[in-house]
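Working through the structure, step by step
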Amino acid sequence: MGKRFPEYKTLDLSQINKDILKIWDENDTFHKSVRELNDKGEFVFFEGPPSANGIPGIHHVMARTIKDAICRFKTQCGFEVKRKAGWDTHGLPIELGVEQALGITKEDIGTEKISIEDFNKACRTDVMRYTDLWEDLTRKMGYWINMDHPYVTYDSRYIETLWWLLKQLYSKGYLYKGYTIQPYSPAAGTGLSSHELNLPGCYRDVKDTTCIALFKLIRDKKSEFLFKNIDTDTVHMMAWTTTPWTLPSNTALAVGEDIIYIKVRSFNPYSGNPVTVIIAKDLLKAMFPDSDSAGELSDYKTGNKKLPYKILEEFPGRKLHGINYEQLIDWVKPDPGAFKVVTGEFVTTEDGTGIVHIAPTFGADDYRISKEFGIPPMIVKRKDGSFGPMVDKKGYMVPIADLDDRFVKDRVNISTYKDFEARPVKNEYDASIPEGSETIDVDIVVMLKQQGKVFRIEKQIHSYPHCWRTDKPVLYYPLDAWFIRTTAFRERMIELNNTINWKPQSTGTGRFGKWLENLVDWNLSRTRFWGTPLPIWVTEDRKEEMCIGSAHELKTEIEKSVKAGFMKKNPLENFVPGDNSQENYEKFDLHRPYVDEIVLVSPKGKKMFREPDLIDVWFDSGAMPYAQAHYPFENKENFHDMFPADYIAEGVDQTRGWFFTLHAIATMISDSVAFKNIISNGLVLDKNGNKMSKRLGNAVDPFTTIEEYGSDPLRWYMLTNAQPWDNLKFDMAGIDEVRRKFFGTLYNTYSFFALYANVDNFRFTERDILVNMRPEIDRWIISLLNSLVREVRKCYEDYDLTRAGRAIQDFVTENLSNWYVRLNRKRYWGGDYDNDKIAAYQTLFACLETVSRLAAPLAPFYMDQLFRDLNNTTGRHNEESVHLAIFPEHDESLIDKNLEDRMDIAQKISSMILGLRRKVSIRVRQPLAKIMIPVPDKSFKAKFEAVKDLVLAEVNVKEVEYIDDTSAVLVKKIKPNFKTLGPRYGKLMKEISNAVMSLGQDEITAFENSGTHQIDINGQRVALTLEDVEIISEDIPGWQVANDGKLTVALDITVTEELRYEGIAREFVNRIQNIRKENGYDVTDKITVNIEDHDFVREAVKRHASYIGSQTLATTVNLVNSFSGNNIREVEIDDVIVKIVVSRNN
RNA sequence: AGUCCCGUAGCUCAGUUGGUUAGAGCGCUACACUGAUAAUGUAGAGGUCCGCGGUUCAACUCCGCGCGGGACUACCA
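Below is a summary of the structure that appears in this document. (Residues numbered from 1 in each chain as written. Chains lettered and ligands numbered in written order. Predicted model: local features only at pLDDT ≥ 70, side-chain atom pairs only at ≥ 80, totals over all residues. Heavy atoms only, no water.)

Topic: the sheet that holds strand S40 (residues 1136-1144)
Taken in spatial order, the 4 strands line up as S38-S37-S40-S39 in an open sheet, and their pairing is mixed. Because the sheet does not close on itself, it has two edges, and the strands there are strand S38 (1114-1120) and strand S39 (1128-1133). Adjacent strand axes in the sheet meet at a mean angle of 25 degrees when their direction is disregarded. As defined by bridge partners, strand S37 (residues 1087-1092) adjoins S40 across 5 bridges and the pair is classed as antiparallel. Across the sheet, residue Ile 1091 finds its bridge partner in S40, namely Ile 1140. Together, S37, S38, S39 and S40 form the strand contacts of helix H34 (residues 1095-1112), whose direction differs from that of S38 by roughly 170 degrees. (Pairing = 2+ DSSP bridges. Helix = DSSP H or I, 4+ residues; strand = E, 2+ residues; numbered from the N terminus. Axes fitted to C-alpha atoms, helices over the stretch in contact; angles between N-to-C directions. Contact = heavy atoms within 4.5 Å.)

What follows is the structure, encoded as structure tokens:
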């Protein structure tokens, strides 16, 4: 039995990090953990793929710690937790990064400057630029994930699964081509992503002409009610716009269903003609700011500043629904069904008139609502047969010359339109227009004014987005795009979402739930270069379409095309269907430009070209449950073992990103959730609460942090400082605190254990001493330990890592170290190796060993070292690592709440007595005779008896005296119990409270004796029982007394001669121990002590020589008159200086 | 603008179904203790529990309206 518990000089968590990593590598611990413990079946985890073209930040440590901890916990519980790493390799950020690196823009790609081929090649290398860093971080932070065969989204097999998924949707009719209103830069000729729109400086204040237009209602059955009680021939609705150039494309008006509207009689301020108009009631004052309803309509003269008005009627918006109106500007005739009033949820009364002008071709809301109610958009037919909005892609009103002749003849009013055709809607689009020239907006408004169709014209400043490349205003413009009909699955997605366990719950029901309720179809199209191509081929007349769902299918179709003579060669000719090896799938590339070169043949024998779009990268990542398995080409049979996930975790910013796409695809393809439990964490901010950014220089580098502190304190800090979904204000000082407070204390506790266990040769070879044979304090810490195991397991199972960590930390620092070890120190040093000592070692060992297993998911490095140090010496477990050891189970029979209560009392009373000592300046080494404790009831006395010795030893007092409840020496205080009285007496509480508090000592005593008391409150009799009050013994006159809640304790501070001698003896013990230590003696060395004979100490040393000797391992303690030698020390005891010599025996 | 999160001591955070002295750690001040010692204990100072209303006998806690910080989605007359 040569093995000893390793003892360390210092706690170096950074070094431990490295040592343990080495051991894990040597033993292949991670792979073993996945394989060896799997008796409970699979626990499925999905890794959200990071993009490797960015440098990992500290927030990644946060998210990954959360992922890792749960997976490690489940592993310890006996599940097989496979976790495959992955890389997100497509997408705009990567393209933009490459553009920047190469100094090019999107327009250059596919030109002479750079081919698509070269650009994509650059993307492919660039995207994996920092994989080394990522792998390094993964390793160092202790994130266990299988990086042997990560899934990579640009891999042909991955893309093949995506195509298969798309084809499933396509075949069921859920993939369709439509158009959507997107931000579009006419100057740059390209659509803009929301990302580009959010670049700083994009939104700028501009001055635009706004107007309130008057839409004339058509009198029919629906509108008849509006024409009653009026003195004008017409009724108009007023609508405000900041973009008058969209008015010619108006095809509807929107009102709020529940908004109250009013019909008002007034005048057109420009023409002076009487008008009857409709606006929202709330906006009346905004429409007639200078007016006065008291003004008589008949007094009005054209040009008057004040517009008199009169409210004729009010009604809710829903009554307006379906009413028809005349076209405002008759340049082009739309399809039938236009010019209707409809109701829309987005209508507010915050500005404008409460009536919204709808131009479906130029607004997202407009487009949506027009679709909902079947309102046709204003569409023109061009010479080439295509249809489009009234504004062309360069930002000009469509020139008549571009329009289809027949269309012009049937639909266009040339006489009114000719003055406006071919003008830019924003002057910025035409460089030849001098600055300051009138805009088309102004001309349109002037025209409306002449026609009496406008109520007010104003210049207004508002913020408007600009293209970050050209600096010119952006247009919201309808663009072609492919959509997934996610709206068809909305209900099902909501249903399935309700079965998911969200942490925090509110993200699931709130942010995610609301998002699902307002779901729109998923716009899949991206007009970019580096991404998964849309596998749809279409004939030029767009009559035939084909969606390809696998490489095999593509190969077959190309073969047909080669046969038809459309292609010379099959790029997939060497591909062997069914061979899923990487080599086989590297024989071709599905990316652009190669996929664009593939021309297929339609069933009718026509050429088919690929739709040039790429798909949204979020589809890539959302499809990972399928694509990481290359489903269904591989893993078809065992797919149910890897889907859905039991657990995922990412930042809350992924709610509409990865969380949504996972959920959507799983719902649509498998009618299942993609994940059952989810933790979404918040942001990591700097210590001042600012967002971290490279620009501000406040970003924290995870590598240097781990190097300095080690991963464990970093992980522990991040998880325990705040709930993961709260933002974390990251402060290095916090990591340091965790290191000192938690790891330092745990390390100290272990060091203490190791020191004495080695001295006593404790190796846990003895049989476990029955718990009920161990002393009270052992049973107490064992009880707490089992409570802790129960709680921690519950927290982990509830995915609450923060509470788990806090509970462990609290146990270690407060209970184990600060109470159990502190009170038990004497059991470990000196004395015989008897059952009591063995029990002490076994108890402390069990605590440390259990803590190592409880905390291993959170702090995998140090806990493994602790576990190994304990285990290698004792062989208690077969497992070589804590991560292979089973998670502890609690033993309910060892939990004794009563015992925990009594120890709580002991702790409180001890600290109260120490407080009293401090108050009267009597140091703890000075023994005192007794304490007195009032006993409120019998059970209290029994409780305290059990812990009496602990308390007395801790506070250095000889005995305890219980004061009987009825004793007259106690001064009592009485307080009402609101909890019992409140429900019964309600409003009388205040007065009852006053009455109870003012009871005198005699009354209280009488109350206690009889058990009841009656008081009168305003003539009402209130009967009190002892349940209804709390009686505290507050004071014992003539004694030093302390109170804490119900507890009261008194201290006898008389120091007798005998006590004083004992106190002096203790002072000597203390001084001698210090000298031993200064002299560097081993804890087992025997010594001889000579003390100068001095009046002040003589009696004390004489009487307590053997006590001093036993405490300091002194074989003799002598009083001497003179000293020789050079090791004479002077010690000061109560201001008296005494010489002393301590020497080691040979 | 909408949805969600957060707001408690100088700082970081607890605060269980509403119950009357709102807690801990860090930091600060003072004093102790010391064979775990780069620890530890005790005491002190430090709070309009973001504000205003409401419900209630009683609100840090429940409801409403705001304010401040943050995230996401949108940008619309």
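A look at the protein's contact with RNA strand B
Near RNA strand B lie 61 residues; those nearest to it are Trp 240, Thr 241, Arg 925, Phe 978 and Arg 1076. In this structure, a sugar or linking oxygen belonging to RNA strand B sits 3.1 Å away from a side-chain N or O atom of Asn 727. Between RNA strand B and Lys 729 there is a distance of 3.1 Å, counted from a phosphate oxygen to a side-chain nitrogen or oxygen. Listed by contribution, the elements that provide at least two residues to the surface near RNA strand B are strand S6 (236-241), helix H10 (364-373), helix H15 (505-517), helix H23 (732-760), helix H25 (801-828), helix H28 (897-920), helix H30 (978-985) and helix H33 (1057-1078). (Near = heavy atom within 4 Å. Polar contact = N/O pair within 3.5 Å; in protein donor to acceptor, adjacent residues only side chain to side chain.)

With respect to the sheet that holds strand S36 (residues 1047-1051)
Strand pairing in a sheet relies on backbone hydrogen bonds. The paired strands run either parallel or antiparallel. Taken together, 4 strands build an open sheet; the order of strands is S30-S29-S36-S35 and the sheet is mixed. Every other strand in the sheet has two partners, leaving strand S30 (957-963) and strand S35 (1040-1044) as the edge strands with one partner each. On average, each strand axis in the sheet is tilted by 25 degrees relative to the strand beside it, whichever way the strands run. Two elements, S35 and S36, share 5 bridges in a ladder whose sense is antiparallel. Of the residues in S36, the one forming a bridge with Gln 1040 is Leu 1051. In this fold H28 packs onto strand S29 (928-934), S30, S35 and S36, with an angle of close to 40 degrees to the strand it touches most, S36. Strand contacts of helix H29 (residues 938-955): S29, S30 and S36, with the helix running at about 155 degrees to S30, the strand carrying the most contacts.

Comments concerning the nonpolar core
Ranked by size, the top nonpolar core spans 130 residues in total, and within it Phe 730, Tyr 862 and Phe 944 carry the most contacts. With sequence-adjacent residues up to four places away left out, Phe 730 is seen in contact with Ile 58, Val 684, Leu 685, Asp 686, Lys 687, Met 692, Val 700, Leu 714, Tyr 717, Met 718 and Ile 735. Counting residues in each nonpolar core, the second largest holds 66 residues, with Tyr 184, Ala 280, Val 332 and Val 398 among its members. (Core = buried A, V, L, I, M, F, W, Y, C linked by side-chain atoms within 4.5 Å. Buried < 20%, exposed > 50% of the residue type's maximum accessible area, 1.4 Å probe, protein only.)

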